[in-house]
Amino acid sequence: MKILPLAASLALILTACGQKTEAPAAPESASDQPAEVVAPAPAVEAVANPLDAAIAGDWRSADNKARDQYRHPKQTLEFFGLQATDTVIEITPGGGWYTEILSPYLWSKGSYIAAIANSESSEYNKKNNERFRAKLAADPAHYESAKIVEFDPKTPNFGADGSADVVLTFRNVHNWVGAGTAEAMFKAFNAVLKPGGTLGVADHRAADDATPESLKDSGYLTTASVVKLATDAGFTLVESSEINANPKDTRNHPEGVWTLPPSLALKDVDRDKYLAIGESDRMTLKFKKPKADAIFEQGTDAKPEAPAQQ
């Protein structure tokens, strides 16, 4: 899909779409410059389907685009019910694979918030924090509207209670299980979501009968164990999807999930074999935070309306 140049896209937005981003009037003199110039929205606003434009965007790295065949970003985000007007928190976005899509997509009408572990929690998190911030700073045309919230992995807090429409996390739950922080993370997801909000989870999927001991350090989790983490935190499982399934993945590799691409932990050993398998088999789960006091919305338990004033 051809993406319009940014300037042309902005003109189209102003004349045809009436978007909220406006180009500042040309100043009469230097002293007339506004204190803060609002950056124009990325070109995704100028096409019929902004999500398609964000996925096709030329700002995305070639390596990241090559992984679309395994991660299925459009189908995955549509399965989670993502809307351009949503406030979305992505938990530990890593190198920013989904950031490249979500930040431009949510630029004009919604809000993208990246939740990253604070630098004080570990040297690994410090380096990831620095790399992620550098990525956003290097391309303000597409990431300037993105917000960052840092959290302590042991006592996570992602923002004000009930402030987000959607929380998303991709291939992270196995790390939290290994670190013993998964329960706290899921409780924090529930707290930050609005009643009726969505939690979308994707992770490496083990066989249903796999034991915790056999999965240790493998990167794989059973679907039942992830569902339990979510339901114990107050969520309801709405639906699961096979969007990110890979039947070629036998899930019993020498270096666990990292044997497969993109990590290829064995390097040249059986490289072609693992490239032919592709990325891991993954569960894709959609949860909802129940709406508050839903029981009172039906039947005789409903609160009676106040009588009209005479």
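So, how was this worked out
- Residues numbered from 1 in each chain as written.
- Predicted model: local features only at pLDDT ≥ 70, side-chain atom pairs only at ≥ 80, totals over all residues.
- Heavy atoms only, no water.
- pLDDT = per-residue confidence, 0-100.
- Contact = heavy atoms within 4.5 Å.
- Phe/Tyr/Trp six-rings, centres within 6.5 Å; stacked < 30°, edge-to-face > 60°.
- Lys NZ or Arg CZ within 6 Å of the ring centre and 35° of its normal.
- Helix = DSSP H or I, 4+ residues; strand = E, 2+ residues; numbered from the N terminus.
- Buried < 20%, exposed > 50% of the residue type's maximum accessible area, 1.4 Å probe, protein only.
- 1 Å grid on protein atoms, 1.4 Å probe; cavity = no way out; pocket = protein on both sides within 12 Å on 5 of 7 lines; lining within 4 Å.
- Points joined across faces, edges and corners; volume = space filled by probe spheres on them.
- Nonpolar A, V, L, I, M, F, W, Y, C, P; charged D, E, K, R; others polar.

1. With respect to the confidence of the model for the protein
Thought 1: For the protein, per-residue confidence averages 85 on the pLDDT scale, and 79% of positions sit at 70 or higher.
Thought 2: Predicted confidence for residues 1-38 stays below pLDDT 50, and this span has 39 contacts to residues more than four positions away or in other chains.
Thought 3: Here residues 295-310 is a poorly scored stretch, pLDDT under 50, and it has five contacts once near neighbours within four places are set aside; other chains count.

2. Overview of the packing of aromatic side chains
Thought 1: Taken as a whole and judged by the stated rule, the model has nine aromatic pairs.
Thought 2: Among the aromatic residues, those joined into a cluster by ring pairs are F79, F80, W97, Y98 and F170.
Thought 3: Directly above the aromatic system of W97 lies the positively charged group of R60, at a separation of 5.1 Å from the ring centroid.

3. Some thoughts on unusual backbone geometry
Thought 1: In this model, P261 is joined to P262 through a cis peptide bond whose omega is 10°.
Thought 2: Here P262 shows up in the loop between β6 (236-241) and α13 (271-277).
Thought 3: A positive phi angle, near 45°, is found at H72, a position not held by glycine.
Thought 4: Along the polypeptide, H72 turns up in the loop between α4 (68-71) and α5 (73-79).
Thought 5: For R251, which is not a glycine, the phi torsion comes out positive at approximately 65°.
Thought 6: Within the secondary structure, R251 sits in the loop between β6 and α13.
Thought 7: Using a relative accessible area of 31% as the deciding quantity, one classes R251 as partly exposed.

4. Description of the layout of surface pockets
Thought 1: Volume-wise, the largest pocket comes out at about 1,100 Å³.
Thought 2: Around the largest pocket sit 42 residues that line it, and G94, Y124, R171, N172 and N175 are the ones nearest its centre.
Thought 3: If you list the elements that add at least two residues to the lining of the largest pocket, you get β1 (87-91), β2 (111-117), α7 (123-138) and α9 (173-179).
Thought 4: For the lining of the largest pocket, the leading source of residues is α7, giving seven residues.
Thought 5: For the lining of the largest pocket, a count of residues per class yields 19 nonpolar, 15 polar and eight charged.
Thought 6: Taken as a whole, the second largest pocket holds about 380 Å³ of empty space.
Thought 7: Listing elements by their share of the lining of the second largest pocket, those giving two or more residues are α9 and α11 (212-215).
Thought 8: The residue makeup of the lining of the second largest pocket, split by class, is seven nonpolar, eight polar and two charged.

5. Some words on the environment of L51
Thought 1: Structurally, L51 can be placed in helix α2 (residues 50-56).
Thought 2: With 26 residues separating them in the primary sequence, L51 and L77 have C-alpha atoms 9.1 Å apart.
Thought 3: If sequence neighbours within four positions are ignored, L51 has contacts with K74, L77, E78, I101 and Y105.

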